[in-house]
2 protein chains.
Amino acid sequence: MSSAPLPDYLRHVRIVLSRTSHPANIGAAARAMKTMGLTDLYLVAPNLMATPMTPEAMQYTGQEDFRLPEESFILASGAADVLQRAKIVADLPSALADTVLSCALTSRRRELTSPLQTPRELTPELLALAQAGHKVALVFGNETFGLSIEEVQTCNRLMTISGNPDYFSLNLAQAVQVVCYELFSQVGYEMSHLVSEVNRATSEQVSGMVNHLEQTMEQLDFFRRRNQQRMMRRILSLFNRANPTTEDIDILRGFFNTVQKKAGGRD
Amino acid sequence: MSSAPLPDYLRHVRIVLSRTSHPANIGAAARAMKTMGLTDLYLVAPNLMATPMTPEAMQYTGQEDFRLPEESFILASGAADVLQRAKIVADLPSALADTVLSCALTSRRRELTSPLQTPRELTPELLALAQAGHKVALVFGNETFGLSIEEVQTCNRLMTISGNPDYFSLNLAQAVQVVCYELFSQVGYEMSHLVSEVNRATSEQVSGMVNHLEQTMEQLDFFRRRNQQRMMRRILSLFNRANPTTEDIDILRGFFNTVQKKAGGRD
């Protein structure tokens with residue numbers, strides 16, 4: 001069963017990573033984006049300090065021939081196309097120039113006058129604007145010191161991910177993942193390709209099976225001194241909650257038949 | 001400003017990792033849990049194959065003195081307490097014995113008859129049960145092959161994280177993070193400790209400032225041939241949307257005063 005295409009407007013949702021230090025995080029962010037249907041990535045002056053795994057240190061020089069280090073592409077894995085199309089710019093205003101709504105991700109208490117909102121709260125507006133053809137952005141800062149105050153003020157909204165105030169250990173890649181997850185969760189995309197094709201039993205078939213069970217119970221004189229009506233209502237409710245398939249019905253009724261045959265004679 | 005305590009009922013929400021291969025993922029899961037206020041971790045027969053970084057291979061032997069490898073604790077970092085309290089059991093029924101609702105995380109299309117539901121859909125019931133004192137569980141399988149069909153059938157519900165059907169790269173730690181995020185997002189925890197103490201201007205103060213602006217514009221004969229009423233309504237709407245602080249009002253009115261002094265004489 002093939003899947004429905006992703007909504008086209010997701011291409012208007014931009015992820016901006018500002019002054020990222022580690023190439024691995026850029027690759028991981030690309031994967032997180034693509035997993036949730038996003039493709040528009042902007043990198044603002046990535047610092048890209050060399051890690052033990054990459055011999056060369058790639059510094060952002062502001063020149064047009066800047067290339068991301070191999071490590072980013074390795075960690076991007078099947079999302080390398082997102083990296084290849086990523087735009088690299090010198091400052092945040094350049095990354096947000098054509099956007100109408102940008103959200104700065106912040107985790108720390110700051111001298112801010114704008115209210116903090118969660119991804120849950122901001123996503124409807126972000127997606128509505130994207131659906132209308134406008135560009136919107138989620139802005140993430142450096143792994144260690146986040147976004148500068150000037151960068152925050154360049155954005156329209158402050159977004160924060162709620163969590164345990166005594167212990168909040170969400171790194172950059174995870175923050176991008178969580179935000180992308182929230183965005184996609186509100187797209188309303190049907191995952192029909194994950195539903196196997198089962199034959200659900202109808203209401204009549206379920207009732208028929210429960211009646212069969214009741215007959216079997218009567219045959220075994222099970223209801224002596226018991227409240228039959230009440231019990232059968234609960235049994236029917238139970239099986240209705242379970243949404244049986246026709247195969248389930250067959251199995252159960254076959255069992256009831258066997259019980260009736262084997263035990264029916266006794267009293 | 002100190003933060004409100006986390007809801008106590010979160011301790012009834014259990015994360016179960018079944019047959020995890022890599023110690024690093026157990027540590028990362030502990031961090032993801034604690035970041036979202038969860039503390040109850042069960043490990044079912046962790047396979048814990050040796051990685052290049054750990055010289056010793058720790059195999060689960062089913063004996064009571066099983067210990068998690070050092071690597072798990074290293075990656076758990078500040079969440080090592082979650083690991084220390086984690087229960088290690090031989091099979092999934094043991095991990096779910098005292099739970100009333102368990103959700104099996106699945107990502108692949110399977111021969112399943114139960115409907116797939118998202119974390120968004122299942123979380124209200126999970127949290128409501130936890131609030132009522134019942135234990136609930138989210139069950140994650142092995143990194144490579146997920147949960148076995150028997151393990152899935154041991155659970156009450158099937159949970160899946162929606163995403164791009166053509167590219168879905170969410171590893172175990174990220175899946176745990178996303179699910180824990182979803183759980184916490186529905187707890188309704190106020191993040192008041194992140195809101196700085198600002199003095200919001202009252203409606204009257206904002207109107208007063210806008211009136212001052214209008215007077216300044218009149219003084220400069222700005223409205224000649226313009227629709228004054230319409231423009232001022234938009235200006236008032238703009239500043240109301242911005243929720244100015246009293247300091248913002250002061251700055252603007254100071255500016256208007258200066259304009260009135262310096263430019264007021266001209267016509």
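Up top you'll find the structure we're talking about.
Residues numbered from 1 in each chain as written. Chains lettered and ligands numbered in written order. Predicted model: local features only at pLDDT ≥ 70, side-chain atom pairs only at ≥ 80, totals over all residues. Heavy atoms only, no water.

(A) Main features of the side chain of Asn142(B). All names here are of chain B. Mapped onto the elements of the fold, Asn-142 is located in the loop between β6 (135-140) and α6 (149-154). Side-chain polar atoms of Asn-142 contact the backbone oxygen of Arg-19, separated by 2.8 Å. At 3.5 Å, the side chain of Asn-142 forms a polar contact with the side chain of Glu-143. In this structure, Asn-142 is in contact with Ser-18, Arg-19, Thr-20, Ser-21 and Asn-47, ignoring residues within four places of it in sequence. (Helix = DSSP H or I, 4+ residues; strand = E, 2+ residues; numbered from the N terminus. Polar contact = N/O pair within 3.5 Å; in protein donor to acceptor, adjacent residues only side chain to side chain. Contact = heavy atoms within 4.5 Å.)

(B) Spotlight on the pattern of salt bridges. Here the structure, examined in full by the defined rule, presents 18 salt bridges over all chains. In this structure, the salt-bridge partner of Arg14(A) is Asp40(A), at a minimum N-O distance of 2.7 Å. Linking Arg14(A) in strand β1 (residues 13-18) with Asp40(A) in strand β2 (residues 40-44), this pair joins segments that are 26 residues apart in sequence. Look at Arg14(A) and you get buried, because its relative accessible area is 2%. On the basis of relative accessible area, Asp40(A) is assigned to the buried category, the value being 12%. It is possible to trace a salt-bridge network through shared partners that takes in Arg120(A), Glu182(A), Arg120(B) and Glu182(B). (Salt bridge = Lys/Arg side-chain N within 4 Å of Asp/Glu carboxyl O. Buried < 20%, exposed > 50% of the residue type's maximum accessible area, 1.4 Å probe, protein only.)

(C) Quick look at the side chain of Ser169(A). Residue placement: Ser169(A) occurs in the loop between β7 (157-159) and α7 (172-185). A distance of 3.1 Å separates the side chain of Ser169(A) from the side chain of Arg31(B), its partner in a polar contact. Residues in contact with Ser169(A), not counting those within four places in the same chain, are Gln174(A), Arg31(B) and Thr35(B).

(D) Spotlight on helix α10 (residues 246-263) of chain A. Residues and elements named next belong to chain A. With 18 residues, α10 ought to run about 26 Å at 1.5 Å a step, and its terminal C-alpha atoms sit 25 Å apart, in line with that. Within α10, burial applies to Ile-249, Phe-256, Val-259 and Gln-260. Along α10, the residues classed as buried sweep out an arc of 100° about the axis, all on the same side. For α10, the exposed residues set more than 90 degrees away from the buried face come down to Glu-247, Asp-250, Ile-251, Phe-255, Lys-261 and Lys-262. (Expected span 1.5 Å × (residues − 1). Arc of directions from axis to C-beta.)

(E) Structural view of a positive patch on the surface. Residue and element names in this part refer to chain A. On the surface, Arg-230, Arg-233, Arg-234 and Arg-241 cluster together into a positively charged patch. Following the sequence through the fold, Arg-234 ends up in helix α9 (residues 228-241). By relative accessible area, which is 54% here, Arg-234 ends up exposed. (Patch = residues over 30% accessible without salt bridge, like charges linked within 9 Å, V, L, I, M, F, W, Y side chains within 5 Å. Areas by Shrake-Rupley, 256 points an atom, 1.4 Å probe, with all protein chains shown as cover. Lys, Arg positive; Asp, Glu negative; His and termini not counted. Charge placed at Lys NZ, Arg CZ, Asp CG, Glu CD.)

(F) View of the packing of helix α1 (residues 23-35) of chain B against helix α7 (residues 172-185) of chain B. Residue and element names in this part refer to chain B. At their nearest, the axes of α1 and α7 sit 9 Å apart, and the two run at 15° to each other. In terms of orientation, α1 lies roughly parallel with respect to α7. In terms of crossing hand, the pair formed by α1 and α7 is right-handed. Residues Asn-25, Ala-28, Ala-29, Ala-32 and Met-33 of α1 form the contact with α7, whose participating residues are Leu-172, Ala-173, Val-176, Gln-177 and Cys-180. (Axes fitted to C-alpha atoms, helices over the stretch in contact; angles between N-to-C directions. Parallel < 35°, antiparallel > 145°, perpendicular 65-115°, else oblique. Left-handed = near helix turned anticlockwise from the far one by under 90°.)

(G) Geometry of unusual backbone geometry. Notably, Ser77(A) is not glycine yet its phi reads approximately 55°, a positive angle. With respect to the helices and strands, Ser77(A) occurs in the loop between α2 (70-76) and α3 (80-84). A positive phi angle, near 55°, is found at Arg19(B), a position not held by glycine. Classification of Arg19(B) as partly exposed rests on a relative accessible area of 24%.

Such coordinate-based values are descriptive only and should not be taken to indicate function.
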